Amino acid sequence: MRDVKVLLDRDFAIGETDRRLFGAFVEHLGRCVYDGIYEPGHPTADEKGFRRDVLDLVRELAPTIMRYPGGNFVSGYNWEDGVGPVEQRPRRLELAWKSTEPNTFGTNEFVDWCRLAGIEPMLAVNLGTRGPDEARRLVEYCNFPSGTQLSDLRRQHGWEEPHGIKFWCLGNEMDGPWQMGSKTAHEYGRIAAEAAKLMRLTDPTIELAACGSSGRTMPTFGEWERVVLEHTFDHVEWISLHTYLNDYAGDTPALLGSPDLMDSFIEEVVAIADAVSAGRRSDKRIMLSFDEWNVWYRTRRGNTRLKPGWPVAPHILEEDYDMKDALAFGGCCISLLNHADRVRAACLAQLVNAIAPIMTETGGPAWKQTIFFPFADFSNLGRGRVLRTHIDSPTYSANYYDPRGKTDLWFPLPEVPYLKLSAVHGEGGTLTLFALNRHLSEELPLEVLAKGFPGLSVERATTLRDDDLAAINTSASPERIKPVPLAGVGVDGERIRATLPPASWNVLRLKG
Ligand code: AHR
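Structure report, in brief. (Residues numbered from 1 in each chain as written. Predicted model: local features only at pLDDT ≥ 70, side-chain atom pairs only at ≥ 80, totals over all residues. Heavy atoms only, no water.)

**A look at the sheet that holds strand β8 (residues 207-210)**
The strands making up a sheet associate through hydrogen bonds between their backbones, and the pairing can be parallel or antiparallel.
Move 1: An order of β2-β3-β6-β7-β8-β9-β10-β11 is seen for the eight strands of this closed barrel, with the pairing classed as parallel. Taken pair by pair, the neighbouring strands of this sheet meet at an average axis angle of 30°, ignoring direction.
Move 2: Its contacts with the sheet place helix α2 (residues 107-117) against β3 (65-68) and β6 (120-125), and it is angled at close to 155° to β6. (Pairing = 2+ DSSP bridges. Helix = DSSP H or I, 4+ residues; strand = E, 2+ residues; numbered from the N terminus. Axes fitted to C-alpha atoms, helices over the stretch in contact; angles between N-to-C directions. Contact = heavy atoms within 4.5 Å.)

Right, dumping it as structure tokens:
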């Protein structure tokens, strides 16, 4: 392979990362809440039932904001079921994931858990089976200090101080036929605008996100965003995006190329949002909340998805992430960083057990999946000014399969650069390079000219790779996949040289 060259300049930045770019997601789904973050009786559980072993891993993963309670779940959720004395809370049929919801964990417990983990809570309201009234009542319950029925109810439930939740999602994937109470763009746009109005009247300090398309492959994608924003433009700050990459086709080069479609998706949504602004001669810019993203395919379709008999906390969506998934996942992190000017919030979906970086055994240990590592790198080391880069890399072509329902859809990827990279200028003069080598069999000789960064030295250089791209971590072998030092990284003036192993996720942290 010829040298792959990258040119960057300290003065040329895409934008500063927002703290909320590094978020994740906790849904009442399978064992994400129950037997995930919350398991009273577990040997490590604290007095509130929060698993301390999971909390330790969450702190290492370092998500900054957490979306809750769904997802598809929220579209049938009565928030009132999850507050008040636990013994009086109802058990209900949960229709999104065909489970029984015990409601022993709800909004207040979630906020407590977030505070303990040092994470900002992000709440979604039900605009599926419910509407603006229940949404503004939840804002009042959470955020109003005292002296009204709902704020005093929160105090009576034991939470004297208001929660001060700032970020609110106006429903979830309302374009999806699978969603309880799904809507047309006009129906949703109207109800979202009215809900936003009432919620903001209740608390003028909140920020609101309208639902964008549940995926770029949706037939309504594009028109949905336009119509929804025409209705909600004056009422929201954010529009959401969701993407799950897949390898149904068993085509690793295509999987590793597929994060580039996330770049296209982001740029298309920016264009649509800005077209709505332009039509109004407005200088307001709607920001993007990529509030569900991950790799997900093994447990996504057919009978692997649900368990019969309406169980509580079933083992569903417990995707085992292998080495190649971690590479595609790292590609998503790079796509998000490289759009830090407009993607100001994002949530890895999800956190524990259900399509998650952290796995647990009920009553047993917790461990890190392969995707844990790129996320921890992204969140711990990716904060700062994302720099523009010019990348000169050989390319390959691939054809990515992303079915919608029973419809086969193929997305040609004619020019996938073997190198996908992001460069972040962080506090204290650090320069961090996140570099994905998508070549499955060849090393990639990398040369970066970092203008304006004289006298760099290597603080950390690691690689995540394995000869077996199907290798996973398990409870019995929790450290099969983990980052190891990357040898041979050299710096000469403003020039950085490294050799990236085949099929690898690499992090080079340099200090000036
Ligand atoms: O994250 C799993 C599910 O994927 C969410 O509940 C839904 O919003 C999406 O379709």
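Here the narrative resumes.
**Considering the pattern of salt bridges**
Move 1: Within this structure, the stated rule accounts for 43 salt bridges.
Move 2: In this structure, Glu 160 engages Arg 155 in a salt bridge whose closest nitrogen and oxygen atoms are separated by 3.0 Å.
Move 3: Notably, a salt bridge pairs Arg 226 with Glu 223, separated by 2.8 Å at the nearest N-O pair. Of this pair, Arg 226 and Glu 223 both sit in helix α6 (residues 223-232), three residues apart, which is roughly one turn of the helix. (Salt bridge = Lys/Arg side-chain N within 4 Å of Asp/Glu carboxyl O.)

**What to know about the pairing of strand β23 (residues 495-500)**
Along a regular strand, successive side chains alternate from one face of the sheet to the other.
Move 1: Only one face of β23 is covered, namely the face carrying Ile 496, Ala 498 and Leu 500; the face carrying Arg 495, Arg 497 and Thr 499 is uncovered.
Move 2: Relative to β23, strand β19 (residues 444-451) runs antiparallel, the two sharing six bridges. Bridging across to β23, Pro 445 finds its partner in Thr 499.
Move 3: Inspection of the sheet shows strand β22 (residues 490-492) paired to β23 by three bridges, in the antiparallel sense. When the bridges of β23 are listed, Val 491 appears paired with Ile 496.
Move 4: Taking the residues between adjacent antiparallel strands as the criterion, β22 and β23 are bridged by two residues, where Gly 493 takes a positive phi near 60°. (Buried < 20%, exposed > 50% of the residue type's maximum accessible area, 1.4 Å probe, protein only.)

**Examining the environment of Glu 16**
Move 1: In this structure, Glu 16 sits in strand β1 (residues 4-16).
Move 2: A sequence separation of 432 residues divides Glu 16 from Val 448, and the C-alpha atoms of the two residues are 21 Å apart.
Move 3: The contacts of Glu 16, once residues within four sequence positions are left out, are Ala 340, Arg 344, Gly 384 and Arg 385.

**What about helix α10 (residues 372-381)?**
Move 1: Within α10, nine of the 10 residues are buried, which leaves the element mostly enclosed by the surrounding structure.
Move 2: Listing the buried residues of α10 in full gives Phe 372, Phe 373, Pro 374, Phe 375, Ala 376, Asp 377, Phe 378, Ser 379 and Leu 381.

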